[in-house]
Amino acid sequence: MAADEPLVLGIETSCDETGVGIVRGTTLLADAVASSVDTHARFGGVVPEIASRAHLEAMVPTIERALKEAGVSARDLDGIAVTSGPGLAGALLVGVSAAKAYAYALGKPLYGVNHLASHICVDQLEHGPLPEPTMALLVSGGHSSLLLAPDITSDVRPLGATIDDAAGEAFDKIARVLNLGFPGGPVIDRLAKEGDPTAIAFPRGLTGPRDAPYDFSFSGLKTSVARWIEARRAAGEEVPVRDVAASFQEAVVDVLTRKAVRACKDEGVDHLMIGGGVAANSRLRALAEERCERAGVRLRVPRPGLCTDNGAMVAALGAEMVARNRRPSDLELSADSSLPVTEPHVPGAHQQHTHDHVHEISKDNLYS
C-alpha cells in the first residue's frame, strides 16, 4: 500500500444494507455495514420504505465507524463514491444525498458508480488488479448477469442476463415455500449439504440448443419446485426438505457455471470472476472451481463478506476512478434505479467548484 494511492470512501444503499467502505488503492482499510435484514424478515422480503428509513438512521453512525476503523479523518479522503444505481429508488436516494452532502462539505470529488460494476471491482481488494478484459458472473437477489469488462471504469458489456427471476430471488421464493424464512440463500445452502442433489430432476432453464447461450431463466425452475412440493403435501406425504434444497440448488448453480464457462471459452478469456450475494453459496463456488479447472480457466471469487452488498466494493470502484483520472460526477447527481450496467459511473458535465467561505466554516465545525 503506497501513501500516494487514492484514499476513497464508498457508500452503498441500493437495498437493505447500509455499507460504508474505505480503501487506499486496492487495500481495504474499513468495511462497516448496518443491516436491516432482520426487520424485513418478518415480511418475507425487503420493504422499500423500511429500508430507506433504516438507511437514514444508520448513515452517519456507519460513516463515523468506518473512519474510526480505517484510522483516517474525513479530511484525508481523496474522493467519495456512492452507488447511484441500480437499486431501490428510495434507498439509493439516501446514499446519494449523504455522499453529495459529505463531498460538498469536504470539498472532495464525488463519483456516482454502478452497483454491478462495483461488485466486479471489489475483487481487486482480495486478488489484486483485475485482468483486462474481465469476465464476470454476477448473481444476487436482483441480478443474474454475464458481463465482459475491458475497462471496469468505462467499458462494461452485457453478454447475458436473467429474463425473469434472478438466482437469489429464486432462492428466497423456494425458501418461502419450504417455510424456511428470509433470506433464503444461506439456509438452503446449509440444508443442501445434508441432501442429495440428484434426488429430484428439476429443470435447467434456457439450456436448449436454440436458447440464448448466456441468458438465464429461473422462473420455470421456481414453479417446478413449488408444484413438486405442493403435490407431495396434497398427497399427505412428507416433503424431503434437504433433498429438495440440494436438488434445487444444483439446478441453479449448474446453469450459472455452465454458461459462465462457455462465455469464457467463446470470448477467449482465461479467467472468471464471480460476485454478488449468491457468490457466497458454497456449492456455486465448488462447482465453478471444478468446471473452471477442467476448462483451464482461472477462478476469482471474493470472500463471502465481500460478495454481499457492501461499501468496500463502491470504494474500490471509486478508487479506480480516481487512479484513472475519470471525471467526477456533478453535485446534481441523482439516483437512478435502472442505471444500465453499460454505465460504470455517472460523470459530470463539468468539474466541481471550490466552495465559498461559509462552507469552509461549516467544514471546520463538522470535521475538526
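Each remark here, short or long, concerns the structure printed above.
How each quantity is defined
- Residues numbered from 1 in each chain as written.
- Predicted model: local features only at pLDDT ≥ 70, side-chain atom pairs only at ≥ 80, totals over all residues.
- Heavy atoms only, no water.
- Helix = DSSP H or I, 4+ residues; strand = E, 2+ residues; numbered from the N terminus.
- Buried < 20%, exposed > 50% of the residue type's maximum accessible area, 1.4 Å probe, protein only.
- Contact = heavy atoms within 4.5 Å.
- Areas by Shrake-Rupley, 256 points an atom, 1.4 Å probe, with all protein chains shown as cover.
- Lys, Arg positive; Asp, Glu negative; His and termini not counted.
- Charge placed at Lys NZ, Arg CZ, Asp CG, Glu CD.
- Core = buried A, V, L, I, M, F, W, Y, C linked by side-chain atoms within 4.5 Å.
- Phe/Tyr/Trp six-rings, centres within 6.5 Å; stacked < 30°, edge-to-face > 60°.
- Lys NZ or Arg CZ within 6 Å of the ring centre and 35° of its normal.
- Polar contact = N/O pair within 3.5 Å; in protein donor to acceptor, adjacent residues only side chain to side chain.
- Salt bridge = Lys/Arg side-chain N within 4 Å of Asp/Glu carboxyl O.
- Disulfide = S-S within 2.5 Å.
- Pairing = 2+ DSSP bridges.
- Axes fitted to C-alpha atoms, helices over the stretch in contact; angles between N-to-C directions.

**Q** Before we go on, may I ask you to explain the overall build of the protein in this structure?
**A** The secondary structure content of the protein amounts to 13 helices and 11 strands. Summarising its shape, the C-alpha atoms of the protein cover approximately 75 × 45 × 30 Å along the three principal directions. Within the protein, buried positions represent 52% of all 368 residues. For the protein, contacts bridging at least 24 residues in sequence account for 73% of all contacts bridging at least 6. If you sum the accessible surface of the protein, you get close to 15300 Å²; carbon and sulfur atoms cover 50% of it. On the protein, the mean spot of the 35 positive side-chain charges and the mean spot of the 48 negative ones are 4 Å from each other.

**Q** Got a minute to help me understand the nonpolar core in this structure?
**A** Note on soluble globular proteins: their nonpolar side chains tend to be buried together. Counting 50 residues, the largest nonpolar core has Leu137, Phe248, Leu256, Leu272 and Ile274 as the members making the most contacts within it. Secondary structure elements with two or more residues in this core: strand E6 (134-139), strand E7 (144-151), helix H6 (167-177), helix H7 (184-192), helix H8 (219-234), helix H9 (241-267), strand E9 (271-275) and helix H10 (282-295). Other than its neighbours up to four places away in sequence, Phe248 contacts Ala170, Phe171, Ile174, Ile188, Phe202, Leu221 and Val225.

**Q** Got a minute to help me understand the packing of aromatic side chains in this structure?
**A** Where two aromatic rings form a pair, the distance of their centres and the angle of their planes describe that pair. Under the definition given, this model contains 3 aromatic pairs. On the numbers, 5.1 Å between centres and 70° between planes, the contact of Phe171 with Phe248 is edge-to-face. Taken as a pair, Phe171 in helix H6 and Phe248 in helix H9 lie far apart in primary sequence, 77 residues in all. We classify Phe171 as buried; its relative accessible area is 2%. Looking at Phe248, the relative accessible area reads 0%, which means it is buried. Between Phe202 and Trp228, the aromatic rings sit 6.4 Å apart at their centres with planes inclined by 85°, giving edge-to-face as the arrangement. On the criterion of sequence distance, the pair formed by Phe202 in the loop between H7 and H8 and Trp228 in helix H8 is long-range, its members being 26 residues apart. A relative accessible area of 24% means that Trp228 is categorised as partly exposed. Over the face of the ring belonging to Phe216 we find Lys259, whose NZ or CZ atom lies 5.9 Å from the ring centre.

**Q** What's the story with the side chain of Ser247 in this structure? I'm lost.
**A** Mapped onto the elements of the fold, Ser247 is located in helix H9. Of the residues examined, Ser247 reaches a relative accessible area of 0% and is grouped as buried. A polar contact of 3.2 Å, which involves the side chain of Ser247, links it to the backbone nitrogen of Ile200. Look past the residues within four positions of Ser247 in its chain and what remains in contact with it is Asp196, Pro197, Thr198, Ala199, Ile200 and Phe202.

**Q** Looking at this structure, how should I read the pattern of salt bridges?
**A** With the rule as written, the count across this model stands at 18 salt bridges. Between Arg262 and Asp266 there is a salt bridge whose closest N-O contact spans 3.5 Å. With Arg262 and Asp266 both in helix H9 and 4 residues apart, this pair spans about one turn of that helix. Looking at Asp266, the relative accessible area reads 45%, which means it is partly exposed. Connected through salt bridges with shared partners, the residues Glu132, Asp151, Glu320, Arg324 and Arg326 form a single ionic network.

**Q** Just checking my understanding: could you explain the state of the cysteines for this structure?
**A** Defined simply, a disulfide is a covalent bond joining two cysteines at their sulfur atoms. Counted according to the given criterion, the structure contains 0 disulfides. Cysteine Cys292 is unpaired, with the sulfur of Cys264 as its nearest cysteine sulfur at 6.2 Å. We classify Cys292 as buried; its relative accessible area is 0%. In this structure Cys307 is not part of a disulfide, and its nearest cysteine sulfur, from Cys121, lies 14 Å away.

**Q** Help me out: how do you make sense of the sheet that holds E9 in this one?
**A** In a beta sheet, neighbouring strands pair by backbone hydrogen bonds and run either parallel or antiparallel. Taken in spatial order, the 5 strands line up as E8-E7-E6-E9-E10 in an open sheet, and their pairing is mixed. The open sheet is flanked by strand E8 (155-161) and strand E10 (298-300), the only strands paired with a single partner. In this sheet, neighbouring strand axes are inclined to one another by 25° on average, regardless of whether the strands run parallel or antiparallel. Looking at chain direction, E6 and E9 are connected through 3 bridges and run parallel. Looking at E9, one finds that Ala136 is bridged to Met273. Contacting E6, E7, E8 and E9, H9 runs over the sheet at an angle of about 165° to E6.

**Q** Any chance you could explain the side chain of Glu320 here in plain terms?
**A** Along the polypeptide, Glu320 turns up in helix H12 (residues 311-323). By relative accessible area, which is 13% here, Glu320 ends up buried. Setting aside residues up to four positions removed in sequence, Glu320 forms contacts with Cys121, Gln124, Ile152 and Thr153.

**Q** Looking at this structure, how should I read unusual backbone geometry?
**A** What is expected of a backbone is that most residues other than glycine have negative phi and most peptide bonds are trans. Cis geometry is adopted by the peptide bond preceding Pro86, which originates at Gly85 and carries an omega value of -10°. When you line up the elements, Pro86 lands in the loop between strand E4 (79-85) and helix H3 (89-106). Each neighbour pair has its own omega, and for Phe182 with Pro183 the value is -5°, a cis peptide bond. Inspection of the secondary structure assignment puts Pro183 in the loop between H6 and H7. With a phi angle near 55°, Leu206 is a residue other than glycine that sits in the positive phi range. For Leu206, the position within the fold is in the loop between H7 and H8.

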